[in-house]
Amino acid sequence: MTNDPRQLVTHLWHTGVAAVDGYAATTAALADLPERPDQVIAVGKAAAAMARAADDRWRDVPMLIVTKDHHGDGAPPHAMLLETAHPVPDERSLHAGRTLRRVVGDLGQNARLLILVSGGASSLAEDLVPGAGLADMVAMNQRLLAEGLDIGAMNAERRKLSRIKGGGLLAGFRGDEAVTLAISDVPGDALGVIGSGIGATPEDPAFKHVTQIIASNAHARAAAAAEAQSLSLEVIGSTECMHADVNAVASDLGARARVMAPGVLIAGGEPTVVLPPSPGRGGRNQALALAMAREIAGRSDLTVLVAGTDGSDGPTDAAGGLVTGKTWASGAEAALTAADSGTFLSDHDALFVTGPTGTNVMDLAIILRA
């Protein structure tokens, strides 16, 4: 294995993400399900990979997939595939939500339903309560994204307008059994929060509902830590601690990085960011990466990679940023203030781009001291 710090943090990040791959995690979970479902529904950024595992388990099972634009590659050819908008929903999101309700409601009394859920579902599919329209939903999502709320608070607000979130989707199910397998992108791995509870149990279920979290940020961090140890790197710590504003997270991680012994510090979570009225290019991971560049400026022994495990960061095609002690330079502070970290990182060869990964377990940071 190379001793180049940039390649090392990249390798460890990819190792963590590979451990929570949607296809592999779903394949393992489905091995314990003996009964073929009558319908499979997959919703989220990892939906195509999860659905492919179900198709391999039960060939040509009826299937509906709702995922983000350009995330449908590899979906089973017979599946109904709907690609919609994220992080701000659009009219296609409403069509997807109505389709989900129709498919679930059309299942008969003896039906078995398999729901595969991953992060991003809140924006990708929606069916609004009477009196609410697309403009209301878009305005709410833009407000929530700009205010820097955590995912639990955001999803609680989203459920107020929804007929499919918070157990609403399964409220229309008349069959015998539903199974929900979820890849968690939320703190605490609560099914009622993942995708705003699109695969959650309704208040009064008249059917058997089996639920399981099949991959999480903890799994990704553990895999990255194990790989670091196999490379004779000291693991200084592994914790889910990135749940505050990006500047607060950077201050905390930066302080730890500057005094840590040689080795690797692994962090997970989903930091928040408050956006100005006209934000530039970037997302929370790019903002955190640039803020970390400020924290380690001038240090030749520290390298930091921060990226979304789904391969996308906000409304961009980058996953995050990879910074060193040389990254922070003139214009960086202005870029942070303008929420334009992506432009600065791109101009300084520090943008981290992976493409869709087939999973989504929040964000992952790898801090290496050589």
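Residues numbered from 1 in each chain as written. Predicted model: local features only at pLDDT ≥ 70, side-chain atom pairs only at ≥ 80, totals over all residues. Heavy atoms only, no water.

A. Quick look at the sheet that holds strand 5 (residues 177-183). The strand order across the open sheet formed by six strands is 3-2-1-4-5-6, and the pairing between neighbours is parallel. Only two strands of the sheet have a single neighbouring strand rather than two, namely strand 3 (80-84) and strand 6 (208-215). Adjacent strand axes in the sheet meet at a mean angle of 15 degrees when their direction is disregarded. With seven bridges connecting them, strand 5 and strand 6 associate as parallel partners. (Pairing = 2+ DSSP bridges. Helix = DSSP H or I, 4+ residues; strand = E, 2+ residues; numbered from the N terminus. Axes fitted to C-alpha atoms, helices over the stretch in contact; angles between N-to-C directions.)

B. Region of the structure containing helix 8 (residues 217-230). In a regular helix each residue adds 1.5 Å, so 14 residues correspond to 20 Å; helix 8 covers 20 Å between its end C-alpha atoms and thus fits that length. Those residues of helix 8 not exposed but buried are Asn217, Ala220, Arg221, Ala223, Ala224, Ala225 and Ala228. For helix 8, the elements touching its buried residues are helix 1 (5-18), strand 7 (235-242), strand 8 (263-269) and strand 12 (363-369). Phi turns positive, to about 65 degrees, at serine 232, one or two residues after helix 8. (Expected span 1.5 Å × (residues − 1). Buried < 20%, exposed > 50% of the residue type's maximum accessible area, 1.4 Å probe, protein only. Contact = heavy atoms within 4.5 Å.)

C. Just the side chain of aspartate 310, in detail. Looking at the element boundaries, aspartate 310 is found in the loop between strand 9 (302-308) and strand 10 (320-324). Apart from the residues within four sequence positions on either side, aspartate 310 is in contact with Lys45, His71, Gly355, Pro356, Thr357, Thr359 and Asn360.

D. Molecular detail of the sheet that holds strand 9. Taken in spatial order, the six strands make up an open sheet running 7-8-12-9-10-11, and their pairing is mixed. The sheet terminates laterally at strand 7 and strand 11 (351-352), the two strands that pair on one side only. Here strand 10 pairs with strand 11 via two bridges, running antiparallel. Within strand 11, the residue paired with glycine 320 across the bridge is phenylalanine 352. Along the sheet face, helix 9 (residues 246-259) touches strand 7, strand 8, strand 9 and strand 12 and points at about 175 degrees away from the line of strand 7.

E. Representation of the packing of helix 6 (residues 134-147) against helix 7 (residues 151-159). Between helix 6 and helix 7, whose axes approach to 10 Å, the crossing angle comes to 165 degrees. By the angle between their axes, helix 6 is roughly antiparallel relative to helix 7. Crossing of helix 6 over helix 7 shows right-handed handedness. Contacts from Met140, Asn141, Arg143, Leu144 and Leu145 in helix 6 reach Met154, Glu157 and Arg158 in helix 7. (Parallel < 35°, antiparallel > 145°, perpendicular 65-115°, else oblique. Left-handed = near helix turned anticlockwise from the far one by under 90°.)

F. Quick peek at helix 3 (residues 47-57). Counting buried positions over the eleven residues of helix 3 gives eight, a clear majority of the element. Here helix 3 has its buried residues at Ala47, Ala48, Ala49, Met50, Ala51, Ala53, Ala54 and Asp55. Structurally, helix 3 contributes buried residues whose contacts are with helix 2 (22-30), strand 1 (39-43), strand 2 (63-68), strand 4 (112-117), strand 5 and strand 6.

G. Representation of the pattern of salt bridges within the structure. Applying the stated criterion across every chain, the model contains 19 salt bridges. Between glutamate 333 and arginine 294 there is a salt bridge, with the nearest N and O atoms lying 3.0 Å from each other. In this pair, glutamate 333 sits in helix 11 (residues 332-337) while arginine 294 sits in helix 10 (residues 284-295), placing the two residues 39 residues apart along the sequence. Residue arginine 294 is classed as partly exposed on the basis of its relative accessible area of 27%. (Salt bridge = Lys/Arg side-chain N within 4 Å of Asp/Glu carboxyl O.)

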